[in-house]
Amino acid sequence: MSLVGRDLISLDAWTLEEITLVLDLAEEMARSLAAPAGEQPPFAPLDRILATCFFEPSTRTRLSFAAAMHRLGGSVICLQDVKMSSLAKGESLADTMRMMSAYSDLIVIRHSQEGAAQEAAEAASVPVINAGDGTRNHPTQTLTDLFTLRRRKGTLSGLKVGLCGDLKNGRTVHSLAPVLARLGNEIVCIAPPALALPGEYMEETERLSGKRPAETEDLAGAVADLDVLYMTRIQAERFPSPDEYEKYRGVYVLNAALMRRAPESMMVMHPLPRVDEIAEEVDTDPRAAYFEQAAGGVPVRMALIALILGLVEEVEGSKRWGFE
Ligand code: NCD
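Just so it is clear, the model here is predicted, and its values are computed rather than measured.

## Thoughts on the site of the ligand
- The full set of residues close to the ligand is T61, R110, H138, Q141, R171, T172, R233, Q235, P271, L272 and P273.
- Here R110 contributes a side-chain N or O atom positioned 3.1 Å from an oxygen atom of the ligand.
- Separating an oxygen atom of the ligand from a side-chain N or O atom of H138 is a distance of 2.8 Å.
- Relative to its unbound accessible surface of 310 Å², the ligand loses 94% to contact with the protein.
- The site holding the ligand turns out to be the largest pocket.
- Its residues assigned to classes, the shell around the ligand shows three nonpolar, five polar and three charged.
- A domain-level breakdown of the shell around the ligand finds at least three residues from each of domain 1 (11–138 + 297–321) and domain 2 (139–294).

## Digging into the side chain of T172
- Relative to the elements of secondary structure, T172 occurs in helix α6 (residues 171–182).
- Excluding its chain neighbours within four sequence positions, the residues that come into contact with T172 are H138, Q141, T142, Y230, T232 and P271.

## Comments concerning the side chain of T205
- Tracing the backbone through its elements, the reader meets T205 in helix α7 (residues 199–209).
- What makes T205 buried here is its relative accessible area of 1%.
- Dropping the residues within four chain positions of it, T205 is found in contact with A177, P178, A181, I187, G210, K211 and P213.

## Things to note about the environment of W14
- Relative to the assigned elements, W14 resides in the segment before α1 (16–34).
- When the C-alpha atoms of W14 and L3 are compared, they prove to be 9.4 Å apart, with 11 residues separating the residues in sequence.
- Ignoring anything within four residues of it in the chain, the contact list for W14 reads L3, R6, D7, L8, I19, V22, R182 and L304.

## Remarks on the domain arrangement of the protein chain
- Taken domain by domain, the protein chain consists of domain 1 (11–138 + 297–321) and domain 2 (139–294).
- Listed by partner, the interface residues are 34 residues for domain 1 and 30 residues for domain 2.
- Together domain 1 and domain 2 conceal approximately 2600 Å² of surface at their shared face, both sides included; 55% is due to carbon and sulfur atoms.
- The largest per-residue losses of area from domain 1 upon contact with domain 2 belong to L11, R60 and H138, which jointly make up 27% of the total buried on that side.
- Counting across the domain 1 and domain 2 interface gives five salt bridges.

What counts, and where the lines are drawn
- Residues numbered from 1 in each chain as written.
- Predicted model: local features only at pLDDT ≥ 70, side-chain atom pairs only at ≥ 80, totals over all residues.
- Heavy atoms only, no water.
- Near = heavy atom within 4 Å.
- Polar contact = N/O pair within 3.5 Å; in protein donor to acceptor, adjacent residues only side chain to side chain.
- Areas by Shrake-Rupley, 256 points an atom, 1.4 Å probe, with all protein chains shown as cover.
- 1 Å grid on protein atoms, 1.4 Å probe; cavity = no way out; pocket = protein on both sides within 12 Å on 5 of 7 lines; lining within 4 Å.
- Sits in = over half its atoms within 2 Å of the grid points.
- Nonpolar A, V, L, I, M, F, W, Y, C, P; charged D, E, K, R; others polar.
- Domains from an automatic or database assignment.
- Helix = DSSP H or I, 4+ residues; strand = E, 2+ residues; numbered from the N terminus.
- Contact = heavy atoms within 4.5 Å.
- Buried < 20%, exposed > 50% of the residue type's maximum accessible area, 1.4 Å probe, protein only.
- Buried area = accessible area lost by both parts, 1.4 Å probe.
- Salt bridge = Lys/Arg side-chain N within 4 Å of Asp/Glu carboxyl O.

Here it is as structure tokens:
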């Protein structure tokens, strides 16, 4: 099993063993990052370049990829302000990707169009990682979600997971639900009917888990019986008009009163950014895992980069990376 040279467009193309390989190495990366200064393993300077190409806003994903590459000792170049690049002159995505392949060893792309990452991978001659394509996929967020879930719950299966918010437009949910189903978890969809999980994901989830996800609009009712609550924001930018968005703004707000109805062991996740769907009073609840979840993006992306670039070698049963 090797991830060397592979693209990551959707986790549907990756086996559970391959996903576990990333999570296990991410644990090692997290341990070394947590070591006191001076005791961290030397990440020798790495003669590799990561290109981040973001055509949509991002804080966590872009910067945690950059931080991960720097932690591994490599360098980062960044196509960010698209108005300042040749795309503004009418250059195609494919031509841009051909050029980025000449300047880098690995490309991370975020784009507003579904399928753009696949198109980029076909044009690029270096591996491409999808950092979000429209409402479709966000596989590295799913890996980050699974990392924190496994750390907190000690397992990735047999859990009852509530997905709440804009399940129609949220790509984090579209990526996560099929993997949770494959791992043998039960899914409860909590959304207004207009923002329900689209049929294709419902059917996929049912096919993979053997059980159709339950659907409800009622967060207060659902929260009483969940192992994990995965909150998401209403995706304003994907609504046809601001008026349409206004109808759903603030439809769910997880607050301390709702948390009192939830099990003591329930874990609250959110891919962030949050808008108003989790009240700040919940942040200090020990069940809130979302900032820890975001921090996990660095070791997870370190592991992913190391595996795709072939920086990891098995040495006497344990993994070694870099050229130390
Ligand atoms: C998510 C995204 O871009 O899909 N953000 C992230 O990467 N953590 C979630 C969102 O924008 O709601």
